[in-house]
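What follows is the residue order along each chain.
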Amino acid sequence: MFLVLLATPELKEFLFKARNGSVRLIKVVIEDEQLVLGAYKEPSRSWDQDYDRFLLPLLEEDEPCYILYRLDSQNAQGYEWLFISWSPDHSPVRQKMLYAATRATVKKEFGGGHVKDEIFGTLQEDVSFLGYQRHVSSCSAPAPLTAAEQELQQIKINEVKTEISVESKHQTLQGLAFPLQEEAQRAILLLKQRNINYIQLKLDIERETVELVHTKATELGELPRRIPTDTPRYHFFLYKHSHEGDYLESVVFIYSMPGYKCSIKERMLYSSCKSRLLDEVEQDFQLEIAKKMEIDNGDELSADLLYEEVHPKQQAFKQAFAKPKGPAGKRGVKRIIKGAGENGEDR
């Protein structure tokens, strides 16, 4: 059974002062059965830009530690922080157990109300910026399906695969799946959190990957100039606008293919990879796409076009012709028309 370890007075004082926002990162370690300050970093840039370059160099392959990392967001108590428990696989078992047993003490000393989220990692990729973004996405993902729900889902998939006729589209044909490179994945997650508003992706045909081109901040009026005139691209744009009095931020996917200026191979690959890319973005990254568009050139993009694509006009209901009612009251005695007889005489 482990002793209850306490923080040194110097660490307690440092933690108290750090909560005012003057510190970006605090490393806490156990030495001589006490919690002591291992290292700290002051803010340099925004929290996401400081993250990997501050955090990763402080992680040792065989030494556990605690990391308190300050975000730029605030709550009622002040700045919000991430609490990271680093316990690498190669560290001694006793150390792992000691750090696990002392974790609640560190959080209590700092103040649990300041901690927005907690991460546990044994590998650097678990606690890197991309790892944290995946952690956030997994927390917001829908709950896993039960066995019955999985069975029902498989039945529906099988029904789709068997309902094929001459007039139906071949729904089982799968597109090519080029993997998203790490920078592209990171950009998708930043767009989901509304930290950026534009992403441009391209296919690296030789390496068979989807690569990030850039994430330059883009206003609506600048969007047409982002569309290349000589090569295909995939674009994700955060369309900020008002609709019926509400402010909305809708993600629009744009597939630009500049006609026959591209090779047949490029046209086929971009067309085949598009569906699988969108499936990955919507299902794995949980990014909701309001509209998917395909254009030949950037000149087509305008504020009016985007608005109409995201909010298409509803077809007006055409009311059937209604026969007018006759005049109220009696309409007189009905006339009886006699038919002709056999010899043309009246009956």
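Peer 1: Describe in detail the environment of glutamate 249, supporting the description with residues and values.
Peer 2: Within the element layout of this structure, glutamate 249 appears in strand β10 (residues 246-256). On the basis of relative accessible area, glutamate 249 is assigned to the partly exposed category, the value being 29%. Non-local contacts of glutamate 249, meaning those with residues more than four positions away in its chain, are made with Arg194, Leu238, Tyr239 and Lys240.

Peer 1: Explain the confidence of the model for the chain residue by residue, including any values.
Peer 2: Per-chain confidence: the chain averages 83 in pLDDT, with 79% of residues scoring 70 or above. By mean pLDDT, helix α6 (residues 147-162) is the weakest element of the chain at 56, and strand β2 (residues 25-31) is the strongest at 96.

Peer 1: Before we move on, could you go through the pairing of strand β6 (residues 115-121) and cite the residues and values that matter?
Peer 2: Regular strands show a simple pattern: their side chains alternate between the two faces of the sheet. As paired elements, strand β5 (residues 78-86) and β6 share 6 bridges and run parallel to each other. Within β6, the position partnered with leucine 82 by the bridge is aspartate 117. With respect to chirality, the unit in which β5 leads through helix α3 (residues 93-110) into the neighbouring parallel β6 is right-handed.

Peer 1: Go over the sheet that holds strand β11 (residues 291-295), please, and point to the residues and values.
Peer 2: Spatially, the 5 strands line up as an open sheet ordered β8-β7-β9-β10-β11, and their pairing is mixed. At either end of the open sheet lies a strand with only one pairing partner, and these are β8 (209-214) and β11. The mean angle between the axes of side-by-side strands here comes to 30°, regardless of whether they run parallel or antiparallel. Inspection of the sheet shows β10 paired to β11 by 5 bridges, in the parallel sense. From the neighbouring strand, valine 252 faces β11, where its bridge partner is lysine 291. Seen against the sheet, helix α7 (residues 182-192) touches β7 (198-204), β8, β9 (233-243) and β10 and runs at an angle of roughly 155° to β7. Helix α9 (residues 303-310) contacts β9, β10 and β11 of the sheet and is inclined by roughly 85° relative to β9.

Peer 1: Account for the pattern of salt bridges, naming residues and giving values.
Peer 2: Two side chains with opposite charge may pair up if their charged atoms get near one another. Tallied over the entire structure, the rule returns 15 salt bridges. With a shortest N-O distance of 2.4 Å, glutamate 118 and lysine 107 are connected by a salt bridge. Here the residue glutamate 118 occupies a position in strand β6, and lysine 107 occupies one in helix α3, the gap between them amounting to 11 residues. On the basis of relative accessibility, which here comes to 27%, the residue lysine 107 falls in the partly exposed class. Through salt bridges with shared partners, a single network forms among Arg24, Asp50, Arg53, Arg70 and Asp72.

Peer 1: Residue-level account of the sheet that holds β2, with values.
Peer 2: Reading across the sheet, the 6 strands line up as β1-β3-β2-β4-β5-β6 and stay open at both edges, with mixed pairing between neighbours. Looking at strand neighbours, the two that pair on one side only are β1 (6-7) and β6, the edges of this open sheet. Two strands pair when backbone bridges link them, and β2 and strand β4 (residues 65-75) are joined in this way by 4 bridges, in the antiparallel orientation. Paired with isoleucine 26 across the strands is leucine 68, a residue of β4. Sheet strands touched by helix α1 (residues 9-18): β1, β2, β3 (34-41), β4 and β5. Its angle to β3, the strand with the most contacts, is close to 40°. This element, helix α2 (residues 47-55), spans β2, β3, β4, β5 and β6 of the sheet and lies at about 175° to β4.

Peer 1: Run through α3, naming residues and quoting values.
Peer 2: Between its first and last C-alpha, α3 extends 26 Å over 18 residues, near the 26 Å set by a 1.5 Å rise per residue. A maximum bend of about 40° is found in α3 at threonine 102. Buried residues of α3: Leu98, Tyr99, Thr102, Thr105, Val106 and Phe110, and no others. Lining the buried residues of α3 we find α1, β2, β3, β4, β5 and β6. A positive phi of about 115° marks glycine 111, the residue just after α3.

What counts and how
Residues numbered from 1 in each chain as written. Predicted model: local features only at pLDDT ≥ 70, side-chain atom pairs only at ≥ 80, totals over all residues. Heavy atoms only, no water. Helix = DSSP H or I, 4+ residues; strand = E, 2+ residues; numbered from the N terminus. Buried < 20%, exposed > 50% of the residue type's maximum accessible area, 1.4 Å probe, protein only. Contact = heavy atoms within 4.5 Å. pLDDT = per-residue confidence, 0-100. Pairing = 2+ DSSP bridges. Right-handed = clockwise from strand over helix to strand, strands pointing away. Axes fitted to C-alpha atoms, helices over the stretch in contact; angles between N-to-C directions. Salt bridge = Lys/Arg side-chain N within 4 Å of Asp/Glu carboxyl O. Expected span 1.5 Å × (residues − 1). Bend = angle between axes of the 7 residues up to and from the residue.

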